[in-house]
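Listed below, chain by chain, are the residues.
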Amino acid sequence: MDPYEVIQALWLAFGAVVGACMGSFANVVIARMPRDESIVHPPSHCPNCKTPIKPWQNIPIASWLALRGRARCCGTPISPRYVVVELLGALGGFSVVLIHRPNVMAVFYGLMLWLLMCVAIIDWKHWFIPRALSLSLVVLGFVGNAVGAWWSGVPLQSAVTAASIMSGMGTVVGFTVVAVLLLGFTWLYRATGRLGADEEAMGWGDAQLLAGIGACLGVNALPWVLGLASLSGTVIGGWVTLEYRMRVRRGEVAETVPEPTGNPDDDEWRPPEGSVQFGPFLALGAAMHVLMSSFLPDVDVTVIFRGLWEG
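Chains are numbered independently. Their residues run from 1 in the order of the written sequence. Reporting in this predicted model follows two pLDDT cut-offs: at least 70 for local features of residues, and 80 or more for side-chain atom pairs to be given and counted; totals over whole chains, interfaces and linings ignore these cut-offs and use all residues. Remark: hydrogens and water are excluded; side-chain values derive from all non-hydrogen atoms of the structure.

Here's the deal with helix α4 (residues 104-126)
Owing to its 3.6 residues per turn, the α-helix aligns residues three or four sequence positions apart on the same side.
Consideration 1: Put simply, DSSP marks the helices as runs of H or I at least four residues long and the strands as runs of E at least two long, and each gets a number from the N terminus on. What a helix is expected to span follows from its residue count: subtract one and scale by 1.5 Å. Its 23 residues give α4 an end-to-end C-alpha distance of 33 Å, which sits within 8% of 33 Å, the value for a rise of 1.5 Å per residue.
Consideration 2: Counting of polar contacts relies on pairs of N or O atoms within 3.5 Å, with two restrictions inside protein: one atom must be capable of donating a hydrogen and the other of accepting it, and residues adjacent in sequence are counted only when both atoms are side-chain atoms. Between a side-chain oxygen at the N-terminus of α4 and the backbone nitrogen of Met 105 the separation is 2.9 Å; the capping residue is Asn 103.
Consideration 3: Trailing α4 by a residue or two, Trp 127 shows a phi angle of about 60°, which is positive.

Written out as C-alpha coordinates, the structure reads:
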(Lines give C-alpha, C1' and ligand atoms only; values in the text may rest on other atoms or scores of the structure.)
Protein backbone atom coordinates (compact mmCIF):
# COMPACT_ATOMS: atom_id res chain seq x y z
CA MET A 1 0.00 0.00 0.00
CA ASP A 2 1.20 3.48 -0.85
CA PRO A 3 2.49 5.41 2.24
CA TYR A 4 0.16 8.30 1.42
CA GLU A 5 -2.83 5.95 1.50
CA VAL A 6 -1.69 4.56 4.86
CA ILE A 7 -1.40 8.07 6.33
CA GLN A 8 -4.82 9.00 4.91
CA ALA A 9 -6.38 5.85 6.40
CA LEU A 10 -4.85 6.65 9.79
CA TRP A 11 -6.24 10.18 9.68
CA LEU A 12 -9.69 8.86 8.78
CA ALA A 13 -9.51 6.38 11.66
CA PHE A 14 -8.36 9.15 13.98
CA GLY A 15 -11.30 11.32 12.89
CA ALA A 16 -13.73 8.46 13.57
CA VAL A 17 -12.26 7.77 17.03
CA VAL A 18 -12.32 11.45 18.04
CA GLY A 19 -15.86 11.73 16.67
CA ALA A 20 -16.98 8.71 18.71
CA CYS A 21 -15.48 10.26 21.85
CA MET A 22 -17.28 13.53 21.08
CA GLY A 23 -20.46 11.51 20.60
CA SER A 24 -19.97 10.04 24.06
CA PHE A 25 -19.69 13.55 25.50
CA ALA A 26 -22.74 14.58 23.46
CA ASN A 27 -24.71 11.94 25.37
CA VAL A 28 -23.78 13.74 28.60
CA VAL A 29 -24.87 17.11 27.19
CA ILE A 30 -28.13 15.66 25.83
CA ALA A 31 -28.98 14.02 29.15
CA ARG A 32 -27.97 16.82 31.53
CA MET A 33 -28.54 20.14 29.78
CA PRO A 34 -32.36 19.85 29.66
CA ARG A 35 -32.28 19.26 33.44
CA ASP A 36 -30.01 22.29 34.05
CA GLU A 37 -27.27 20.02 35.40
CA SER A 38 -23.54 20.53 35.04
CA ILE A 39 -22.04 18.72 32.05
CA VAL A 40 -18.67 18.28 33.78
CA HIS A 41 -19.57 17.33 37.36
CA PRO A 42 -20.22 14.75 38.66
CA PRO A 43 -18.30 12.37 36.37
CA SER A 44 -20.15 9.74 34.34
CA HIS A 45 -22.29 7.48 36.50
CA CYS A 46 -25.11 4.97 36.19
CA PRO A 47 -28.38 6.92 35.90
CA ASN A 48 -30.17 4.22 37.94
CA CYS A 49 -27.94 3.40 40.92
CA LYS A 50 -25.51 6.36 40.59
CA THR A 51 -22.44 4.09 40.62
CA PRO A 52 -19.45 5.87 39.00
CA ILE A 53 -18.51 4.47 35.61
CA LYS A 54 -14.84 3.52 35.35
CA PRO A 55 -12.90 4.75 32.28
CA TRP A 56 -12.55 1.26 30.78
CA GLN A 57 -16.32 0.84 31.09
CA ASN A 58 -16.92 4.05 29.14
CA ILE A 59 -15.21 3.32 25.83
CA PRO A 60 -17.44 4.66 23.03
CA ILE A 61 -19.41 2.01 21.12
CA ALA A 62 -17.23 -0.87 22.38
CA SER A 63 -18.45 -0.69 25.99
CA TRP A 64 -22.13 -0.74 25.01
CA LEU A 65 -21.54 -3.77 22.78
CA ALA A 66 -19.42 -5.58 25.39
CA LEU A 67 -22.03 -4.98 28.10
CA ARG A 68 -24.82 -5.99 25.70
CA GLY A 69 -26.69 -2.80 26.41
CA ARG A 70 -26.89 -3.25 30.20
CA ALA A 71 -25.15 -1.48 33.08
CA ARG A 72 -22.49 -3.66 34.71
CA CYS A 73 -23.34 -2.34 38.20
CA CYS A 74 -27.07 -3.05 38.38
CA GLY A 75 -28.08 -4.60 35.05
CA THR A 76 -30.31 -1.67 34.06
CA PRO A 77 -30.85 -1.54 30.27
CA ILE A 78 -28.82 1.20 28.56
CA SER A 79 -30.77 2.99 25.84
CA PRO A 80 -29.56 2.23 22.29
CA ARG A 81 -29.60 6.01 21.81
CA TYR A 82 -26.20 6.20 23.49
CA VAL A 83 -24.46 3.97 20.99
CA VAL A 84 -26.37 5.54 18.08
CA VAL A 85 -25.12 9.01 19.07
CA GLU A 86 -21.57 7.68 19.38
CA LEU A 87 -21.85 6.07 15.94
CA LEU A 88 -23.15 9.34 14.49
CA GLY A 89 -20.19 11.12 16.10
CA ALA A 90 -17.79 8.61 14.57
CA LEU A 91 -19.43 9.01 11.17
CA GLY A 92 -19.23 12.79 11.44
CA GLY A 93 -15.55 12.74 12.40
CA PHE A 94 -14.75 10.34 9.57
CA SER A 95 -16.73 12.44 7.06
CA VAL A 96 -15.20 15.83 7.84
CA VAL A 97 -11.67 14.41 7.58
CA LEU A 98 -12.57 12.67 4.31
CA ILE A 99 -14.19 15.77 2.78
CA HIS A 100 -12.10 18.61 4.21
CA ARG A 101 -8.85 16.67 4.85
CA PRO A 102 -6.99 16.73 8.17
CA ASN A 103 -6.72 20.46 8.77
CA VAL A 104 -8.22 23.20 10.90
CA MET A 105 -11.43 23.31 8.85
CA ALA A 106 -12.09 19.65 9.62
CA VAL A 107 -11.95 20.56 13.32
CA PHE A 108 -14.27 23.53 12.70
CA TYR A 109 -16.88 21.50 10.84
CA GLY A 110 -16.54 18.60 13.27
CA LEU A 111 -17.37 20.89 16.20
CA MET A 112 -20.26 22.37 14.23
CA LEU A 113 -21.71 18.93 13.50
CA TRP A 114 -21.33 18.01 17.17
CA LEU A 115 -23.29 21.08 18.29
CA LEU A 116 -25.96 20.46 15.65
CA MET A 117 -26.37 16.87 16.80
CA CYS A 118 -26.86 17.98 20.42
CA VAL A 119 -29.40 20.61 19.33
CA ALA A 120 -31.35 18.20 17.13
CA ILE A 121 -31.71 15.45 19.73
CA ILE A 122 -32.54 17.80 22.61
CA ASP A 123 -35.15 19.63 20.54
CA TRP A 124 -36.62 16.36 19.28
CA LYS A 125 -36.95 14.97 22.81
CA HIS A 126 -37.75 18.07 24.83
CA TRP A 127 -39.12 20.65 22.37
CA PHE A 128 -36.63 23.37 23.16
CA ILE A 129 -33.23 24.52 21.92
CA PRO A 130 -30.73 25.52 24.63
CA ARG A 131 -29.62 29.08 24.01
CA ALA A 132 -26.09 28.13 25.10
CA LEU A 133 -25.76 25.77 22.13
CA SER A 134 -27.03 28.34 19.61
CA LEU A 135 -24.70 30.97 21.07
CA SER A 136 -21.83 28.47 20.87
CA LEU A 137 -22.53 28.09 17.15
CA VAL A 138 -22.35 31.88 16.72
CA VAL A 139 -19.01 32.09 18.54
CA LEU A 140 -17.69 29.06 16.66
CA GLY A 141 -18.65 30.69 13.34
CA PHE A 142 -16.82 33.95 14.02
CA VAL A 143 -13.70 32.28 15.46
CA GLY A 144 -13.60 29.27 13.13
CA ASN A 145 -13.98 31.26 9.92
CA ALA A 146 -11.29 33.72 11.02
CA VAL A 147 -8.86 30.93 11.94
CA GLY A 148 -9.67 29.05 8.74
CA ALA A 149 -8.95 32.09 6.57
CA TRP A 150 -5.72 32.80 8.48
CA TRP A 151 -4.70 29.14 8.17
CA SER A 152 -5.13 29.34 4.38
CA GLY A 153 -2.65 32.21 4.19
CA VAL A 154 -4.77 35.34 4.59
CA PRO A 155 -3.16 37.97 6.87
CA LEU A 156 -4.62 37.83 10.38
CA GLN A 157 -6.27 41.26 10.29
CA SER A 158 -7.83 40.62 6.90
CA ALA A 159 -8.96 37.16 8.04
CA VAL A 160 -10.68 38.59 11.11
CA THR A 161 -12.36 41.34 9.05
CA ALA A 162 -13.58 38.94 6.36
CA ALA A 163 -14.85 36.44 8.93
CA SER A 164 -16.63 39.17 10.88
CA ILE A 165 -18.46 40.34 7.75
CA MET A 166 -19.32 36.82 6.60
CA SER A 167 -20.43 35.51 9.98
CA GLY A 168 -22.09 38.77 10.95
CA MET A 169 -24.26 38.80 7.82
CA GLY A 170 -25.10 35.13 8.28
CA THR A 171 -26.10 35.70 11.90
CA VAL A 172 -28.32 38.70 11.18
CA VAL A 173 -29.99 37.24 8.08
CA GLY A 174 -30.47 33.80 9.68
CA PHE A 175 -32.17 35.28 12.72
CA THR A 176 -34.23 37.75 10.67
CA VAL A 177 -35.60 35.14 8.26
CA VAL A 178 -37.06 32.98 11.03
CA ALA A 179 -38.14 36.02 13.06
CA VAL A 180 -40.15 37.34 10.11
CA LEU A 181 -41.78 33.93 9.62
CA LEU A 182 -42.52 33.66 13.34
CA LEU A 183 -44.08 37.10 13.60
CA GLY A 184 -45.97 36.73 10.32
CA PHE A 185 -47.53 33.36 11.12
CA THR A 186 -48.25 34.42 14.70
CA TRP A 187 -50.16 37.47 13.43
CA LEU A 188 -52.02 35.37 10.84
CA TYR A 189 -52.98 32.60 13.28
CA ARG A 190 -54.10 35.09 15.93
CA ALA A 191 -56.17 36.96 13.35
CA THR A 192 -57.88 33.73 12.24
CA GLY A 193 -58.44 32.53 15.79
CA ARG A 194 -56.04 29.59 15.62
CA LEU A 195 -53.89 31.10 18.39
CA GLY A 196 -54.70 33.01 21.53
CA ALA A 197 -53.51 36.52 22.26
CA ASP A 198 -50.54 35.27 24.31
CA GLU A 199 -49.56 32.43 21.99
CA GLU A 200 -46.89 32.30 19.30
CA ALA A 201 -46.71 30.16 16.18
CA MET A 202 -43.22 28.89 17.01
CA GLY A 203 -40.42 29.47 19.48
CA TRP A 204 -37.53 31.89 19.16
CA GLY A 205 -35.10 29.02 19.55
CA ASP A 206 -35.35 28.28 15.81
CA ALA A 207 -34.36 31.88 15.00
CA GLN A 208 -31.38 31.66 17.35
CA LEU A 209 -30.36 28.32 15.83
CA LEU A 210 -30.44 29.63 12.26
CA ALA A 211 -28.44 32.65 13.42
CA GLY A 212 -25.76 30.24 14.67
CA ILE A 213 -25.86 28.25 11.44
CA GLY A 214 -25.55 31.46 9.43
CA ALA A 215 -22.54 32.51 11.50
CA CYS A 216 -20.81 29.22 10.69
CA LEU A 217 -21.74 28.77 7.04
CA GLY A 218 -22.37 32.34 5.88
CA VAL A 219 -25.42 33.93 4.35
CA ASN A 220 -25.07 32.18 0.97
CA ALA A 221 -25.59 28.78 2.59
CA LEU A 222 -28.91 29.73 4.19
CA PRO A 223 -31.12 29.10 1.10
CA TRP A 224 -29.73 25.57 0.87
CA VAL A 225 -30.07 24.98 4.61
CA LEU A 226 -33.69 26.17 4.61
CA GLY A 227 -34.48 24.20 1.47
CA LEU A 228 -32.97 20.96 2.76
CA ALA A 229 -34.60 21.50 6.17
CA SER A 230 -38.01 22.11 4.60
CA LEU A 231 -37.70 19.06 2.35
CA SER A 232 -36.63 16.71 5.14
CA GLY A 233 -39.18 18.25 7.51
CA THR A 234 -41.98 17.73 5.00
CA VAL A 235 -41.07 14.08 4.43
CA ILE A 236 -40.38 13.10 8.05
CA GLY A 237 -43.04 15.40 9.51
CA GLY A 238 -45.60 14.02 7.09
CA TRP A 239 -44.67 10.48 8.12
CA VAL A 240 -44.98 11.34 11.85
CA THR A 241 -48.38 12.98 11.29
CA LEU A 242 -49.58 10.01 9.21
CA GLU A 243 -48.43 7.58 11.88
CA TYR A 244 -50.31 9.58 14.53
CA ARG A 245 -53.47 9.55 12.42
CA MET A 246 -53.16 5.78 11.95
CA ARG A 247 -52.75 5.29 15.72
CA VAL A 248 -55.88 7.39 16.29
CA ARG A 249 -57.77 5.33 13.72
CA ARG A 250 -56.68 2.06 15.38
CA GLY A 251 -57.80 3.40 18.75
CA GLU A 252 -54.30 3.30 20.27
CA VAL A 253 -54.46 6.99 21.24
CA ALA A 254 -57.32 9.44 21.61
CA GLU A 255 -57.32 12.37 19.21
CA THR A 256 -56.92 15.59 21.15
CA VAL A 257 -57.96 19.09 20.21
CA PRO A 258 -55.03 21.46 20.88
CA GLU A 259 -55.76 23.69 23.85
CA PRO A 260 -54.22 27.15 24.29
CA THR A 261 -50.70 26.40 25.52
CA GLY A 262 -48.99 29.79 25.60
CA ASN A 263 -45.53 30.68 24.34
CA PRO A 264 -43.44 27.79 22.92
CA ASP A 265 -40.41 29.21 24.75
CA ASP A 266 -42.07 28.73 28.16
CA ASP A 267 -41.03 25.75 30.28
CA GLU A 268 -44.67 24.70 30.75
CA TRP A 269 -45.44 24.66 27.03
CA ARG A 270 -46.48 21.32 25.57
CA PRO A 271 -47.02 20.65 21.84
CA PRO A 272 -50.22 19.18 20.40
CA GLU A 273 -50.15 15.45 19.65
CA GLY A 274 -48.83 14.62 16.19
CA SER A 275 -46.96 17.91 15.74
CA VAL A 276 -43.32 18.13 14.67
CA GLN A 277 -40.68 20.70 15.60
CA PHE A 278 -38.50 22.45 12.99
CA GLY A 279 -35.20 22.73 14.91
CA PRO A 280 -33.96 19.18 14.21
CA PHE A 281 -34.54 19.71 10.49
CA LEU A 282 -32.66 23.01 10.49
CA ALA A 283 -29.78 21.14 12.14
CA LEU A 284 -30.10 18.32 9.59
CA GLY A 285 -30.16 20.80 6.69
CA ALA A 286 -27.00 22.49 7.98
CA ALA A 287 -25.26 19.13 8.46
CA MET A 288 -26.22 18.06 4.94
CA HIS A 289 -24.81 21.32 3.57
CA VAL A 290 -21.50 20.73 5.40
CA LEU A 291 -21.21 17.24 3.92
CA MET A 292 -22.59 18.04 0.44
CA SER A 293 -21.40 21.60 -0.19
CA SER A 294 -18.99 20.54 -2.92
CA PHE A 295 -21.91 19.11 -4.91
CA LEU A 296 -24.29 22.07 -4.44
CA PRO A 297 -24.35 25.05 -6.85
CA ASP A 298 -23.21 28.35 -5.39
CA VAL A 299 -25.91 30.83 -4.36
CA ASP A 300 -24.90 34.49 -4.03
CA VAL A 301 -27.50 36.01 -1.71
CA THR A 302 -25.50 39.25 -1.49
CA VAL A 303 -26.73 40.11 -4.99
CA ILE A 304 -30.14 40.78 -3.45
CA PHE A 305 -28.68 43.16 -0.88
CA ARG A 306 -26.58 44.93 -3.48
CA GLY A 307 -29.65 45.33 -5.69
CA LEU A 308 -31.69 46.76 -2.83
CA TRP A 309 -28.84 49.12 -1.89
CA GLU A 310 -28.29 50.33 -5.46
CA GLY A 311 -31.99 50.44 -6.27
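Describing the pattern of salt bridges
Consideration 1: By definition here, a salt bridge exists when the distance from a side-chain nitrogen of Lys or Arg to a carboxyl oxygen of Asp or Glu is within 4 Å. In the structure shown here, the tally under the stated rule is one salt bridge.
Consideration 2: The salt bridge involving Glu 37 is made with Arg 35; its shortest N-O contact spans 3.1 Å.
Consideration 3: Overall, Glu 37 belongs to the partly exposed group, its relative accessible area being 37%.
Consideration 4: Classification of Arg 35 as exposed rests on a relative accessible area of 52%. Think of it in three bands: residues with accessible area under 20% of the maximum for their type are buried, residues over 50% are exposed, and the middle band is partly exposed, with areas taken using a 1.4 Å probe on protein chains only.

So, the environment of Leu 133
Consideration 1: Among the secondary structure elements, Leu 133 is positioned in helix α5 (residues 131-151).
Consideration 2: When its relative accessible area of 4% is taken as the criterion, Leu 133 is described as buried.
Consideration 3: Separated by 15 residues in sequence, Leu 133 and Cys 118 place their C-alpha atoms 8.1 Å apart.
Consideration 4: Note on definitions: a residue-residue contact is assigned when non-hydrogen atoms from the two residues lie within 4.5 Å. Once residues within four sequence positions are removed from consideration, Leu 133 is found in contact with Met 33, Leu 115, Cys 118, Val 119 and Ile 122.

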